[in-house]
Amino acid sequence: MQFNFNSTEPIYLQVASQIEEAIFTKNYAEEEQIPSTTEISRDFHINPATVLKGINLLVSDGLVEKKRGIGMFVAQGAYEKLVRKRRELFYQDKIVQVVDEAKRLQISKEELLDLIKRGF
């Protein structure tokens, strides 16, 4: 993990996004324990409350689950949830913009599909 303390993005969001990315890239497998709040706090000199706030976002999203007295674990189905979430973000952030720009450029649906095929 690497944190940018000069970024406008709050540290707790950086914690959440980096753990989320590790789940997505399968660096943390489903049902595998993730580093504790204490470990992350100690290793990266971050306030434990800040780390916990980031991890709690993942708990709220159903990506991480707390096992009382044991630690935090990647929830079963977390990878699939992330794939669905990222596909929707891809659609919203990329596809909608591409289609809008294609319309402004008067590129037909067929031409756009040909361009996408060429890109593959």
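Scope of this entry: the structure provided in the associated data block. Not measured: the values here are computed from a predicted model. (Residues numbered from 1 in each chain as written. Predicted model: local features only at pLDDT ≥ 70, side-chain atom pairs only at ≥ 80, totals over all residues. Heavy atoms only, no water.)

### Structural notes on helix H1 (residues 11-24)
Point 1. Look at H1: 20 Å from first C-alpha to last across 14 residues, which is about the 20 Å you get at 1.5 Å a residue.
Point 2. If you check which residues of H1 are buried, you get Ile 11, Gln 14, Val 15, Ala 16, Ile 19, Glu 20, Ala 22 and Ile 23.
Point 3. Those residues of H1 that are buried are in contact with helix H2 (37-44), helix H3 (48-60), strand S1 (64-67), strand S2 (71-74) and helix H4 (78-104).
Point 4. One or two residues past the end of H1 sits Lys 26, with phi positive at roughly 65 degrees. (Helix = DSSP H or I, 4+ residues; strand = E, 2+ residues; numbered from the N terminus. Expected span 1.5 Å × (residues − 1). Buried < 20%, exposed > 50% of the residue type's maximum accessible area, 1.4 Å probe, protein only. Contact = heavy atoms within 4.5 Å.)

### Description of the pattern of salt bridges
Oppositely charged side chains are able to pair whenever their charged atoms sit close together.
Point 1. All told, the structure shown has five salt bridges when counted by the stated rule.
Point 2. For Glu 20, the salt bridge goes to Arg 86, with nearest N and O atoms at 4.0 Å. Note that Glu 20 is positioned in helix H1 and Arg 86 in helix H4, a separation of 66 residues in sequence.
Point 3. Two residues, Arg 104 and Glu 101, come together in a salt bridge whose shortest N-O distance is 2.7 Å. Of this pair, Arg 104 and Glu 101 both sit in helix H4, three residues apart, which is roughly one turn of the helix. (Salt bridge = Lys/Arg side-chain N within 4 Å of Asp/Glu carboxyl O.)

### Some remarks on unusual backbone geometry
Point 1. Of note in this structure, Lys 26 is not a glycine but carries a positive phi near 65 degrees.
Point 2. Along the chain, the position of Lys 26 falls in the loop between H1 and H2.
Point 3. Owing to a relative accessible area of 55%, Lys 26 belongs among the exposed residues under this scheme.
Point 4. In this model, Glu 31 sits at a positive phi of 70 degrees, which is unusual for a non-glycine residue.
Point 5. By the element assignment, Glu 31 lies in the loop between H1 and H2.

### Quick word on the packing of H1 against H3
Point 1. Taken N-terminus to C-terminus, the directions of H1 and H3 make an angle of 50 degrees; their axes are 7 Å apart at the nearest point. Taken together, the axes of H1 and H3 lie oblique to each other. Like other packed secondary-structure pairs, H1 and H3 cross with a definite hand, here right-handed. Contacts between H1 and H3 involve Ile 11, Tyr 12, Leu 13, Val 15, Ala 16, Ile 19 and Glu 20 on the former and, on the latter, Thr 50, Val 51, Lys 53, Gly 54, Ile 55, Leu 57 and Leu 58.
Point 2. For the contact of H1 with H3, the residue count by class is ten nonpolar, two polar and two charged. (Axes fitted to C-alpha atoms, helices over the stretch in contact; angles between N-to-C directions. Parallel < 35°, antiparallel > 145°, perpendicular 65-115°, else oblique. Left-handed = near helix turned anticlockwise from the far one by under 90°. Nonpolar A, V, L, I, M, F, W, Y, C, P; charged D, E, K, R; others polar.)

Function cannot be inferred from these measures alone, as they are strictly geometric.
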